[in-house]
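What follows is the residue order along each chain.
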Amino acid sequence: MSEFELKGIKGDIPIGAMAAFGVLRLCTQQLQLLECCLSWQRINGRWSAVLSTKDQLSSDEFVDKLLSCTTDAANRPEWNWSGQIKNVLASTYTEAASAALNAGGLSSNWFASFGTELGGEDGTLNSTPLDMTVARQMFLSDAVKLVASLNEDSEAIRQALFGPWLYQDDQHSLGWDPSTTKLGAFSSEAPTKMANSGVRGAVWLAFESLPLFPVFYSAYGQNTRGFRRHKRTVEFRWPIWRAPISLRTLESVLGCSSLQEDDGNSSLLSRGVASIYSATRFKPNKYMTSFKTAELVAESI
């Protein structure tokens, strides 16, 4: 058995939680490591991810295996059917999604996470709330460029997993890392002229968690696993736990209604969830969208 303390991946920020979920999904579905599980432990007062598997691997072998997932990722059909998902025609989306469904495999899970053809304006896709791209940013095209840049770059993967995150990459964080939000009011430069300062490996791992957040439509409008809407507020909530759990269990917890209900938190805490965090989407200006700094919603004693 192997256990890896992923000290770079912190559970109290949205991109950290998503990166941990992405690691678990890749190790389970793509690398097919034996009995792969994810847990969290407190290190210096913050939650850090822990990945365990029955396969015997060194940390270098673990990094190399994750790096192998980038080899042909830029050619994935689910990442190349469109450069952007915002404002794409619903008919274009359904055609590509149908082809993925007929082809089998995991591509259909990706399309379910991109949005829903129902409820969009003017026949366009009702896209995932995780797409916070703006201006020249392109959700899918940028993901292709990102994963291509990681090919053979084991140090980028190692930094994302084991830290520290140096924020020295020319990489925007897709709105998932509140610490990289460009606030023009606190700078002499316009946000569009500010340099990016992200962690490429972490953004990629977080992107790989998208299939865990399918989008669907109900009588109340668009819904996304892990998110709740209250009036005009869109809020991402995620759990932190100590005992190792599998990918299937994670999907179940993310989809649990108690996670989104303030009066239901005690139910999850009594079943092993240690903490629940929340990050609200907000617009620092009329163009940008990002997550706010995460808040602790509930915690077990």
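Everything quoted here is computed from the prediction, not taken from an experiment.

J.: Just checking my understanding: could you explain the pairing of strand β7 (residues 221-224) for this structure?
T.: Successive side chains on a regular strand alternate, one facing one side of the sheet and the next facing the other. Examined bridge by bridge, strand β6 (residues 215-218) and β7 share four bridges and lie antiparallel to one another. The partner of S218 across the bridge, within β7, is G221. As consecutive antiparallel partners, β6 and β7 are separated by two residues.

J.: Is there a simple way to think about the layout of surface pockets in this case?
T.: A water-sized probe rolled over the atoms picks out the places where empty space is left. Computed from the structure, the second largest pocket encloses a volume of approximately 400 Å³. As for the second largest pocket, its lining consists of 16 residues, of which K86, N87, L125, N126 and S127 are closest to the centre.

J.: Before we go on, may I ask you to explain the environment of L33 in this structure?
T.: Considering the arrangement of structural elements, one finds L33 in the loop between α1 (14-30) and β2 (37-43). Taking the C-alpha atoms as reference points, L33 and S246, 213 residues apart in sequence, are found 11 Å from one another. Apart from residues lying up to four places away in sequence, L33 is in contact with C27, T53, D55, L57 and K65.

J.: I'm lost on empty space enclosed by the protein in this one. Help?
T.: Applying the stated criterion across every chain yields a total of two cavities of 30 Å³ or more. For the lining of the largest cavity, the secondary structure elements donating two or more residues are α6 (139-150) and α8 (200-207). At four residues, the largest contribution of residues to the lining of the largest cavity is made by α6. In terms of residue class, the lining of the largest cavity is built from six nonpolar, one polar and one charged. Of the volumes computed, that of the second largest cavity is approximately 30 Å³.

J.: Would you mind going over the packing of α1 against α8 with me for this structure?
T.: Each packed pair of helices is defined by two parameters, the angle between the axes and the distance between the axes. Between α1 and α8, the least distance of the axes is 6 Å, while the angle of their chain directions is 65°. Considered as vectors, α1 and α8 are oriented roughly perpendicular to each other. For the element pair α1 and α8, the recorded crossing hand is left-handed. Listed contacts from α8 to I15, M18, A19, G22, V23 and L26 of α1 are A202, V203, W204, L205 and A206. Class assignment of the residues belonging to the contact of α1 with α8 gives a composition of 10 nonpolar, one polar and no charged.

J.: I would appreciate a short explanation of the environment of F236 in the present structure.
T.: With respect to the helices and strands, the residue F236 is situated in strand β9 (residues 233-241). For F236, a relative accessible area of 0% gives the class buried. Discounting residues that sit within four places of it in the chain, F236 has contacts with P14, M18, F213, G226, F227, Y277, S278, A279 and F291.

J.: Even after reading the chapter, I still don't get α6, so can you show me in this structure?
T.: Three or four residues apart is the spacing at which side chains of an α-helix point the same way, because the helix has 3.6 residues per turn. Taking 1.5 Å of rise per residue, 12 residues should cover 16 Å, and α6 covers 17 Å from first to last C-alpha, within 8% of that figure. Among all positions of α6, only F139, L140, D142, A143, V144, L146, V147 and L150 are buried. Count one or two residues on from α6 and you reach E152, which has phi positive near 75°.

J.: Explain the pattern of salt bridges to me, please; I cannot follow it from the model alone.
T.: Pairing is possible between side chains of opposite charge, provided their charged atoms come close. For the structure on display, the rule yields 12 salt bridges. With its nearest N and O atoms 3.9 Å apart, the salt bridge here joins K7 to E5. Judged by relative accessible area, E5 falls into the partly exposed class, the value being 34%. Among the charged side chains, a salt-bridge network with shared partners connects R25, R76 and E208.

Criteria and cut-off values
- Residues numbered from 1 in each chain as written.
- Predicted model: local features only at pLDDT ≥ 70, side-chain atom pairs only at ≥ 80, totals over all residues.
- Heavy atoms only, no water.
- Pairing = 2+ DSSP bridges.
- Helix = DSSP H or I, 4+ residues; strand = E, 2+ residues; numbered from the N terminus.
- 1 Å grid on protein atoms, 1.4 Å probe; cavity = no way out; pocket = protein on both sides within 12 Å on 5 of 7 lines; lining within 4 Å.
- Points joined across faces, edges and corners; volume = space filled by probe spheres on them.
- Contact = heavy atoms within 4.5 Å.
- Nonpolar A, V, L, I, M, F, W, Y, C, P; charged D, E, K, R; others polar.
- Axes fitted to C-alpha atoms, helices over the stretch in contact; angles between N-to-C directions.
- Parallel < 35°, antiparallel > 145°, perpendicular 65-115°, else oblique.
- Left-handed = near helix turned anticlockwise from the far one by under 90°.
- Buried < 20%, exposed > 50% of the residue type's maximum accessible area, 1.4 Å probe, protein only.
- Expected span 1.5 Å × (residues − 1).
- Salt bridge = Lys/Arg side-chain N within 4 Å of Asp/Glu carboxyl O.

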